[in-house]
Amino acid sequence: MTILYSSLQLGLLYGIMVLGIYISFRILDIPDLTTEGSFAFGVAVSAVMAKAGHPYLGLLLSIVAGIAAGCFTGLLQTKLKIHPILAGIITMSGLYSINLGVMHNSPNLTLLNTRTIFTDFRNLMPGVDKEIVKIIIIAVIAIAVVVLLSLFFKSHFGLCIRATGDNQDMLSASSVNVNITKIAALGLGNACIALSGGLTAQYQSFADVNSSVGMLVVGLASVIIGEAIFGKRSVTLGFISAIVGSIIYRAIIAVTTRYNIFPSYMFKLVAAVIVIAALAIPVIKESVRKAKIKRGGHKDA
Amino acid sequence: MLEVKNAVKVFAAGTPNEFKALNGLNLKLEDGEFVTIIGSNGAGKSTLFNAICGNFWLDKGHIILDGEDISYKSEHKRARRIGRIFQDPMKGTAPHLTIEENLALAYSRSKRGGLAPAITKSERQMFRDALADFDMGLEDRMNTKVGLLSGGQRQVVTLLMATLVPPRLLLLDEHTAALDPATAEKVMEITKRIVERENLTTLMITHNVKSALETGDRTIMLDAGDIIFDIGKEERIGMTVEDLMKKYSNKKHEEFDNDRAIFS
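Along each chain, the written sequence defines residue order, and numbers are assigned to residues from 1. Ligands are numbered from 1 and chains lettered from A, in the order in which they are written. A pLDDT threshold of at least 70 governs which residues receive local features in this predicted model, and a stricter bar of 80 or more applies before side-chain atom pairs are shown or counted, although totals over entire chains, interfaces and linings include all residues.

**Q** Explain the overall build of chain B to me, using residue names and the numbers behind them.
**A** To qualify as a helix, a DSSP run of H or I must reach at least 4 residues; to qualify as a strand, a run of E must reach at least 2; elements of each kind are numbered from the N terminus. Counting secondary structure elements, chain B contains 10 helices and 10 strands. Since a compact globule built from 264 residues should have a radius of gyration of about 18 Å, the 19 Å found for chain B is in line with a globular shape. Counting only C-alpha atoms and orienting by the principal axes, one finds that chain B spans roughly 60 × 40 × 35 Å. Buried residues are those with 20 or more other C-beta atoms within 10 Å of their own C-beta, exposed residues have 12 or fewer, and partly exposed residues lie in between; C-beta atoms are placed from the backbone. For chain B, the proportion of its 264 residues judged to be buried stands at 41%. We call two residues in contact if the C-beta atoms placed from their backbones are at most 7 Å apart. In chain B, once contacts between residues fewer than 6 apart in sequence are set aside, the share between residues at least 24 apart is 67%. In this description the radius of gyration comes from C-alpha coordinates, and the expected globular size is given by 2.2 Å times residues to the power 0.38.

Put into structure tokens, the structure is as follows:
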């Protein structure tokens, strides 16, 4: 039961981050390393604000922080024409200092006995198991984000963003400013990522400036797992599959560590292996196919 | 009305590879005029199109569309009034979006959508009707991803995208060159129909000299970044490929055995 609860909680919690990665990686077609800074940015902002007695304002500011981080990377990419990967790395490095600054130069911060969105709702629903309360809060937020994103990507501006990752030339030929769509998409993606960070800090009652290390690969692994189940179809289904992928990824981690298949510190390596395997499968399939053709050719000769 | 005044564009200036792609070119198109452009590789045809569309700025000279100097406007701003189709059918459409979504993007030229729904019901019907007009059965595949269409079908979708909101200027950059002869003819026929119906001011690059002389109102030939012939209505009537070749070789004081030497 604890495995189920924790997988659902963490899966939904980090699922919101995976939505952000889905936007940059699948829709915009850029692996955005800003993630590695913006997640902790959300963590830091939300934790500091909660500590000051404003957990909700903290979550709101997490979103703002994520938008700022993403738009900054977007500006580097478009206005200064810096390579997309490098632009993300630059923002990520810079954010490390900013995050430490936000947390008053302390690498971590504990929120024990601090009011958070989770303690508030637990008091509101006294009869309900506190783990269930957590799941409800996170699920409601995650579903709300999925619904909002799905609606957004059905709008005109959303369609422009989808075309940005698909055929930029055609988009500017249709009189759309590609720089704006890129910046907006990165801002939106990182808003999800930082919100996920902000919720995580309040969920764990703990903020760690290093919490976003390896987040991008974990997110990619979740996206890939989701796509393995749902396939690549509509954008709405893509968002749902990102969340489901995240839950399954957390379940895999929970089960393997619970039964001592490997220790918990391995979970980022698992993510890395999943991503490599998923990216390798098409290549391997292709070479198997070629090998078959070659063998067939020899038979004919 | 389009006016290109004294256009100069030099690539890799100041290096041993310096190349004058446009060399003081002047061109004027009246409203509704359909001009075909011929010329060998490197003559400056595509450079001229790129300059008009704003892929880069001219080193010298001006581009004036409908009386407004657009020389320093950004590409996407110019695109509101200029439609362009490339040789490569892959270039004009977004492969992972459906036909309908691609058309909706192109249609956005006429409106600023923002957060309004990307496609309304009435637009959906309008796109269908416009595609049905081409008689290629594409109207029944509105929700097919464009990446699954053939080159010719994609080029037809691109053509519709470029003209859905009639542009002030239509640029066709060898847009049938990558298609098989039958499809090329069909796409060309559709092109002519749209240009005529909307009375579009059009520039068309082609390597097919015969079709250049048969299409539109006027043919110009580019060589070394400038216009060497501008063949208007009367002169063009009855002109054959051989006539043109003779004119060219006389002008260049060189003999070419066949058009391959020039146009390959």
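The rest of the description comes next.
**Q** Describe the interface of chain A and chain B, with residues and values.
**A** With 20 residues of chain A at the contact, the number on the chain B side is 24 residues. Where the side of chain A that touches chain B is concerned, the elements lending two or more residues are helix H7 (156-164) and helix H8 (168-173) of chain A. Examining the composition of the side of chain A that touches chain B, we find that seven residues originate from one element, H7(A), more than from any other.

**Q** How would you explain the nonpolar core if you had to name every residue and give the values?
**A** Residues and elements named next belong to chain A. In terms of nonpolar packing, the biggest core is built from 161 residues, with Leu19, Tyr22, Ala44 and Ala221 touching the most fellow members. Of the residues forming this core, the biggest block, 14 residues, is contributed by helix H1 (residues 2-27). Among all residues touching Ala44, those that are not within four sequence positions of it are Asn99, Val102, Met103, Ala207 and Val209. As used throughout, a nonpolar core is a set of buried Ala, Val, Leu, Ile, Met, Phe, Trp, Tyr and Cys residues joined through C-beta atoms within 7 Å of each other.

**Q** Describe the sheet that holds strand E2 (residues 19-29) of chain B, listing the residues and the values that go with them.
**A** Residue and element names in this part refer to chain B. The rule for pairing is simple: two strands pair if DSSP sees at least two bridges between them. With antiparallel pairing, the four strands of this open sheet are ordered in space as E2-E1-E4-E5. A single partner strand is all that each edge strand has here, and the edge strands are E2 and strand E5 (68-69). Note: strand E1 (residues 2-11) against E2, eight bridges, orientation antiparallel. Note that in E2 the partner of Val8 across the bridge is Asn23.

**Q** Report on helix H9 (residues 178-204) of chain A, specifying residues and quantitative values.
**A** All names here are of chain A. The length a helix should cover is 1.5 Å for every residue beyond the first. The end-to-end C-alpha distance of H9 is 39 Å, a good match for the 39 Å that 27 residues give at a rise of 1.5 Å each. Here H9 lies mainly inside the structure; 21 of its 27 residues are buried. One or two positions beyond H9, positive phi appears at Ser205, with a value near 55°.

**Q** Can you lay out the sheet that holds strand E10 (residues 226-231) of chain B for me, pointing to particular residues and giving the numbers?
**A** All names here are of chain B. Sheet architecture is open: six strands sit in the order E6-E7-E8-E3-E9-E10, paired in mixed fashion. Taken across any chain shown, the strands that pair with only one partner, and hence form the sheet edges, are strand E6 (82-85) and E10. The mean inter-strand angle of the sheet, taken between neighbouring strand axes irrespective of direction, is 20°. Two elements, strand E3 (residues 34-38) and strand E8 (residues 202-205), share four bridges in a ladder whose sense is parallel. For Phe34, the partnering residue across the bridge sits in E8 and is Thr202. With axes taken as lines fitted to C-alpha atoms, and helix axes fitted only over the stretch in contact, angles between N-to-C directions fall between 0 and 180 degrees. Relative to strand E7 (residues 169-173), helix H1 (residues 45-53) is tilted by about 145°, and along the sheet it contacts E3, E6, E7, E8 and strand E9 (218-223).

**Q** Report on the environment of B:Leu179, specifying residues and quantitative values.
**A** All names here are of chain B. Within the secondary structure layout, Leu179 lies in the loop between E7 and helix H6 (181-198). Assessed through the 22 C-beta atoms surrounding it within 10 Å, Leu179 is described here as buried. A sequence separation of 91 residues divides Leu179 from Asp88, and the C-alpha atoms of the two residues are 9.3 Å apart. In contact with Leu179, other than residues within four places in its own chain, are Gly151, Gly152, Gln155, Ala184 and Val187.

**Q** Report on unusual backbone geometry, specifying residues and quantitative values.
**A** Of note, the phi angle at A:His104 is positive, near 55°, even though the residue is not glycine. Position of A:His104 among the secondary structure elements: in the loop between helix H4 (84-102) and strand E1 (108-110). Judged by C-beta crowding, with 10 C-beta atoms within 10 Å, A:His104 ranks as exposed. The phi torsion at B:Asn199 lies on the positive side, around 50°, for a residue other than glycine.

**Q** How would you explain the pairing of E10(B) if you had to name every residue and give the values?
**A** All names here are of chain B. Of the strand pairs in this sheet, E9 and E10 are connected by five bridges, and their pairing is antiparallel. When the bridges of E10 are listed, Leu222 appears paired with Ile227. Between the end of E9 and the start of E10, which pair antiparallel, lie two residues, with Ala224 showing a positive phi angle near 50°.

**Q** I'd like a description of the packing of helix H6 (residues 130-152) of chain A against helix H11 (residues 235-258) of chain A, backed by residues and values.
**A** Residue and element names in this part refer to chain A. Following both chains from N to C, one finds H6 and H11 inclined at 160°, their axes separated by 9 Å at the closest point. In terms of orientation, H6 and H11 fall into the roughly antiparallel class. Seen from above, H6 lies across H11 with right-handed handedness. From H6, Ala142, Val146, Leu149 and Ser150 reach across to H11, where they touch Val235, Thr236, Phe239, Ile240 and Ile243. Under the convention adopted here, Pro, Cys and the residues Ala, Val, Leu, Ile, Met, Phe, Trp and Tyr are nonpolar, Asp, Glu, Lys and Arg are charged, and Gly plus all remaining residues are polar. Residue classes in the contact of H6 with H11 are distributed as seven nonpolar, two polar and no charged. Orientation is classified from the angle alone, with under 35 degrees giving roughly parallel, over 145 giving roughly antiparallel, 65 to 115 giving roughly perpendicular, and any other angle giving oblique. Handedness of a crossing follows from how the near helix is turned relative to the far one, being left-handed for an anticlockwise turn of less than a right angle and right-handed for a clockwise one.

**Q** Hey, could you go over the packing of helix H5 (residues 151-163) of chain B against H6(B) for me, with residue numbers and the actual values?
**A** Residue and element names in this part refer to chain B. Look at H5 against H6: their axes get within 10 Å of each other, and the N-to-C directions meet at 10°. Judged by the inter-axis angle, H5 sits roughly parallel to H6. In contact with Gly152, Gln155, Val156, Leu159 and Thr163 of H5, H6 contributes Thr183, Val187, Ile190, Thr191, Ile194 and Glu198. Residue composition of the contact of H5 with H6, grouped by class: five nonpolar, five polar and one charged.

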